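Inside the fold
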Amino acid sequence: MILRCENLGWRVRRKEIVSNASLSMNEGEMLGLIGPNGSGKSTLLRMLAGVRYPSTGRVYLGGTPMAELRQRDIAQKLALVEQHADTEERITVREAVELGRTPFLSVLQPWSHEDEAIVLHAIAAVDLHGFENRNWHTLSGGERQRVQIARALAQQPQVLLLDEPTNHLDIKHQLAILQLVKELPITKVVALHDLNQAMICDRICVMHSGRIETLGAPCEILTEERLMKTFGVCGHFMTDPFDGSPVIRFHRAHKED
Amino acid sequence: MTVTDRRPNRSASRNLWKWAAIAPPLLFIALVAGTAMGETSIPMDVVLKVLSNKIFGAAYPVDRIDSGIIWSYRLARAVVAACCGAGLALSGVVLQALLRNSLADPYLLGISAGASTGAVAVAVMGLGGGLISMSMGAFAGAILAFAFVAMLASLAGGGTGLRAAGVIVLAGIAGSQLFNALTAFLIAKSANAEQARGIMFWLMGNLSGVRWADTVTVVPAALFGLLVCILNIRALDAFTFGSDSAASLGIAVKRVQFGLIGVAALMTAAMVSITGSIGFVGLVIPHAMRLVVGTRHRALIPASALAGAIFLIMADIIARIVIPGQVLPIGVVTALVGAPVFALILIGRRAAV
Ligand SMILES: Nc1ncnc2c1ncn2[C@@H]1O[C@H](COP(=O)(O)OP(=O)(O)OP(=O)(O)O)[C@@H](O)[C@H]1O
Ligand SMILES: [Mg+2]
């Protein structure tokens, strides 16, 4: 399923948070969204997910303007993993993941074996097997994040938007989740802070002060000048002796540079 | 200790069938108890005979006075108590879920304050020149106050999410204060001591004077509220992680929020106009039921409705028998009985975890 947006903008009190963002995702690609804190990544993702209405511009999901789709139709095709999601309710892991089936069930429709299988599969995919009956408030930060990802997987989306899905995860699960996302045969947009991890993406979109600065293949985009300009850090590019892929080492930029 | 498989039933419809089987017998027992017990205890067989006479047209010989007390007085009262308890509890469930605020109760939206202003305007100021009853005044006041709160919230609000929920709570507080002040002003200006006492009594919530005619308001209100809640079971669940999360799960957030909060307000206004503002039920029954059946609305909605109904029937029985020759306001009893019961549930739950 193709996701596209044109001239997206979002304003609060005449302050432009995101402006003029145009993007077109290719079928099945993994698009990385990078940029400094406050550059508008989460805001852009929320608009793309249809949970926040853009002040200007449009989002198209599979060719149809999102504003013309019902919320439920969107949710059957697109899932969003939020950066922070929390609850005070006593809810188990399984119940949280079950929420992912909401867009597919009408009011009194029975819970089917298929739903059950999808939920269990999603829980296993994020390595939470055995946690099904644990309470949300007893989970660690990384476990909670994996529950959120499992919930999105249970939606069996054709477009998956993830806002910093790895920010609480240990290194093993960071790699596992990114690989899992990468291998899904659907369109993915992932906001990330770890630029070395962003290398895994097919294309990278760099945001700065609410604007899209550039968009392209990771090795074209991530250059020393770009790191300096967008993030204000020095980067050294090296080659991984094992697989020959590029690795970036960062240092703080000195004031006089 | 062996724990049997307590995996909750995930199917909303099967859950509802289960509750549809459990609820009527329990409700029937509660209603019969509410009818049998009182200042003068009436033997159970007499109660059942009167009920079969009235409902099924049986012809058991019973005392005329007993029959009158049972049918016209106590049963009507028990039915109103049940509907009111169910309605307030459901209203609490809805508001707590949508506003994501565990302290939300049905009166948060200014409804009880508005109802009291309306009631006082009719009873003390003689608004409507005797053509409208205190109940109608209370209902109008409640709706007026809710409209005020809703307008304030939408003017001050903006966006969805926790901030919007916070704005609604604040608007509710402002509206309640305003209408409470109006009530106090009206009482101070023109009520005499006797009237003021009567109004205080009414405001605390009470069921004396309730007759069959009142069921025309409360029964449809409770049934309609229950139906709307059942139709929104999945939507209410989807708000667990907030309104953005609900939207990403395919819920039309604005529509569900406006619709459900509106229905909760209407239902509460209907109850309050008949019985005054009975406290505690709408706040605590949902919490107690969360501790017992969990937070998923497929169980929470029917459990809260049933528990609210039974709880208020019981509270009314206690209100009638605890001081011989005097009927306490039911609002006093709900808090006096409810608080310790809730404490026990809380403590018991802690021991179980
Ligand atoms: N409702 C709002 N009112 C005012 N400012 C807002 C609002 N929402 C977001 N912003 C501002 O918009 C900017 C972009 O926010 P956003 O959450 O999209 O950033 P981000 O790129 O996801 O940052 P991070 O890397 O920290 O997650 C921030 O400066 C934020 O303070
Ligand atoms: Mg962000």
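Residues numbered from 1 in each chain as written. Chains lettered and ligands numbered in written order. Predicted model: local features only at pLDDT ≥ 70, side-chain atom pairs only at ≥ 80, totals over all residues. Heavy atoms only, no water.

**Considering the overall build of chain A**
Spelled out, the test is: Helix and strand definitions here come from DSSP, where helices need a minimum of 4 consecutive H or I residues and strands a minimum of 2 consecutive E residues; each element is numbered from the N-terminal end. Throughout, the radius of gyration refers to the C-alpha atoms, and the reference size of a globule is 2.2 Å times the residue count to the power 0.38. Exposed residues in this analysis have more than 50% of their type's maximum accessible area, buried residues have under 20%, and partly exposed residues fall in between, with area computed by a 1.4 Å probe over protein chains only. Note on contacts: a residue pair qualifies if any of its non-hydrogen atoms lie within 4.5 Å across the two residues. In this count, Lys and Arg are taken as positive residues and Asp and Glu as negative ones, while His and the chain termini are left out. All charge positions are set by atom: Lys at NZ, Arg at CZ, Asp at CG, Glu at CD.
Counting its regular elements, chain A contains nine helices and twelve strands. Against the globule reference of 18 Å for 257 residues, chain A gives a C-alpha radius of gyration of 19 Å, in line with a compact fold. Buried positions account for 51% of the 257 residues belonging to chain A. Counted over contacts in chain A with a minimum sequence separation of 6, partners at least 24 positions apart contribute 61%. Taken as two groups, the 29 positive and 32 negative side-chain charges of chain A have centres that lie 7 Å from each other.

**Topic: the interface of chain B and chain A**
The condition is simple: The quantity reported as buried area is the accessible area (1.4 Å probe) lost by two parts once they are put together, taken as the sum for both. When a carboxyl oxygen of Asp or Glu lies within 4 Å of a side-chain nitrogen of Lys or Arg, that pair is called a salt bridge. For the purposes of these results, a polar contact is taken to be a pair of N or O atoms within 3.5 Å, where, inside protein, one atom must be able to donate a hydrogen and its partner to accept one; residues adjacent in sequence count only when each atom of the pair is a side-chain atom. Throughout, the ten residues Ala, Val, Leu, Ile, Met, Phe, Trp, Tyr, Cys and Pro are labelled nonpolar, Asp, Glu, Lys and Arg are labelled charged, and all others, Gly among them, are labelled polar.
Of the residues lining the interface, 29 residues belong to chain B; the matching set on chain A comes to 36 residues. Summing both sides of the interface, chain B and chain A together bury roughly 2800 Å²; the carbon and sulfur share of this comes to 54%. At the boundary of chain B with chain A, the tally comes to three salt bridges. E98(A) is the salt-bridge partner of R298(B), the closest N and O atoms lying 3.9 Å from each other. At the junction of chain B and chain A, the tally comes to eleven residue pairs in polar contact (both at pLDDT 80 or more). It is helix α10 (residues 243-248) of chain B that provides the largest number of residues to the side of chain B that touches chain A, a total of four residues. Its residues assigned to classes, the side of chain B that touches chain A shows twelve nonpolar, eight polar and nine charged.

**A short note on the nonpolar core**
As a reminder of what qualifies: Only buried Ala, Val, Leu, Ile, Met, Phe, Trp, Tyr and Cys residues count toward a nonpolar core, and they belong to the same one when joined by side-chain atoms within 4.5 Å.
Among the nonpolar cores identified, the biggest contains 189 residues, and L3(A), L48(A) and L161(A) are the most heavily contacted of them. If one sorts the elements of this core by residue count, helix α3 (residues 64-99) of chain B sits on top with 19 residues. Sequence-distant contacts of L161(A), defined by excluding residues within four places in its chain, comprise L3(A), L45(A), L48(A), A49(A), L78(A), A79(A), L80(A), V81(A) and V189(A).

**Here we look at the coordination of the magnesium ion (ligand 2)**
Residues and elements named next belong to chain A. Just so we agree on the cut-off: Any nitrogen, oxygen or sulfur atom within 2.8 Å of a metal ion counts as a donor, with the limit raised to 3.2 Å for Na, K and Ca, and since water is left out, coordination shells can look unfinished.
Taken together, the protein donors to the magnesium ion (ligand 2) comprise S42 (OG) and Q83 (OE1), at separations of 1.9 to 2.2 Å. You can see S42 sitting in helix α1 (residues 41-49) and its partner Q83 sitting in the loop between β6 (78-81) and α3 (93-98), a full 41 residues away along the chain. The buried category is assigned to S42, whose relative accessible area is 16%.

**Considering the sheet that holds strand β3 (residues 30-34) of chain A**
Working definition: the strands of a sheet are paired by backbone hydrogen bonds and lie parallel or antiparallel to each other. All names here are of chain A. Cut-off, in case you're wondering: Think of it this way: DSSP has to see at least two bridges between two strands before they count as a pair. Interaxial angle, 0 to 180 degrees, is taken between N-to-C directions of lines fitted to C-alpha atoms, where a helix line uses only the stretch in contact.
The six strands are arranged β6-β7-β8-β3-β9-β10 in an open sheet whose pairing can be described as mixed. Of all strands in the sheet, those bounded by a partner on one side alone are β6 and β10 (211-216). Across the sheet, the axes of successive neighbouring strands diverge by a mean angle of 15°, strand direction being ignored. Where strand β7 (residues 159-163) and strand β8 (residues 187-191) come together, five bridges link them in parallel fashion. Directly across from V159, in β8, lies its bridge partner T187.

**Description of the packing of helix α1 (residues 12-36) of chain B against helix α13 (residues 297-321) of chain B**
The description of two helices packed together rests on the angle between their axes and the distance between the axes. All names here are of chain B. Put simply, the rule is: The cut-offs work like this: below 35 degrees is roughly parallel, past 145 is roughly antiparallel, 65 to 115 is roughly perpendicular, and the gaps in between are oblique.
Packing of α1 against α13 leaves a shortest axis separation of 9 Å and a crossing angle of 5°. Taken together, the axes of α1 and α13 lie roughly parallel to each other. In contact with A12, N15, L16, W19, I22, A23, L26, L27, A30, L31, A33 and G34 of α1, α13 contributes R298, A299, P302, A303, L306, A309, I310, I313, M314, I317 and R320. Per-class residue counts for the contact of α1 with α13 are 19 nonpolar, two polar and two charged.

**Comments concerning helix α5 (residues 141-154) of chain A**
Selection criterion: Expected span of a helix, by definition, is 1.5 Å for each gap between consecutive residues, and there is one gap fewer than residues.
Over its 14 residues, α5(A) extends 20 Å from the first C-alpha to the last, a length consistent with the 20 Å expected when each residue adds 1.5 Å. Of all 14 residues in α5(A), twelve are buried; the element is thus mostly enclosed. Those residues of α5(A) that sit buried are G142(A), E143(A), Q145(A), R146(A), V147(A), Q148(A), I149(A), A150(A), R151(A), A152(A), L153(A) and A154(A). Where α5(A) is buried, its residues touch β6, α3, α4 (113-125), β7 and α6 (171-183) of chain A together with α10 of chain B. Within two residues after α5(A), Q156(A) carries a phi angle of roughly 40°, on the positive side.

**Observations regarding the sheet that holds strand β1 (residues 3-12) of chain A**
Residue and element names in this part refer to chain A. Taking strand neighbours across the sheet as the criterion, the four strands line up as β2-β1-β4-β5 in an open arrangement whose pairing is antiparallel. Single-partner strands in this sheet number two, and they are β2 (15-24) and β5 (64-65). Where β1 lies against strand β4 (residues 56-61), five bridges are found, and the strand directions are antiparallel. Paired with R4 across the two strands is Y60, which belongs to β4. Most of the contacts of α1 go to β1, to which it runs at about 125°, and overall it touches β1, β2 and β4.

**Description of the domain arrangement of chain A**
Residues and elements named next belong to chain A. Using the following cut-off: Domain limits in this description derive from either an automatic procedure or a database domain assignment.
Entries for chain A in the domain assignment read domain 1 (3-222) and domain 2 (223-257). Measuring from the centre of the C-alpha atoms in domain 1 to the corresponding centre in domain 2 gives 27 Å. Residue-level contacts link 14 residues of domain 1 with eleven residues of domain 2. Surface buried jointly by domain 1 and domain 2 totals about 1000 Å² across both partners, of which 65% is contributed by carbon and sulfur atoms.

**Here's the deal with the site of ligand 1**
Residue and element names in this part refer to chain A. Convention followed: Proximity is defined per residue: if any heavy atom of the residue lies within 4 Å of a molecule or strand, that residue is considered near it. Per-residue and other accessible areas follow the Shrake-Rupley method at a 1.4 Å probe size, with only the shown protein chains counted as cover for residues.
Taken together, 14 residues are adjacent to ligand 1, and I17, G38, K41, S42 and T43 come closest. One of the backbone nitrogen or oxygen atoms of G38 is found 2.9 Å away from an oxygen atom of ligand 1. H193 places a side-chain nitrogen or oxygen 3.0 Å from an oxygen atom of ligand 1. For ligand 1, whose unbound accessible area comes to 640 Å², protein coverage reaches 65%. Put simply, the parts of the chain that give the shell around ligand 1 at least two residues each are β1 and α1. Here the shell around ligand 1 gets three residues from one element, more than from any other, and that element is α1. Residues of the shell around ligand 1, tallied by class, amount to four nonpolar, eight polar and two charged.

**Description of the side chain of S304(B)**
All names here are of chain B. Residue placement: S304 occurs in helix α13. Residue S304 is classed as buried on the basis of its relative accessible area of 0%. Contact partners of S304, with chain neighbours within four places excluded, come to A89, V93, I285, P286 and M289.

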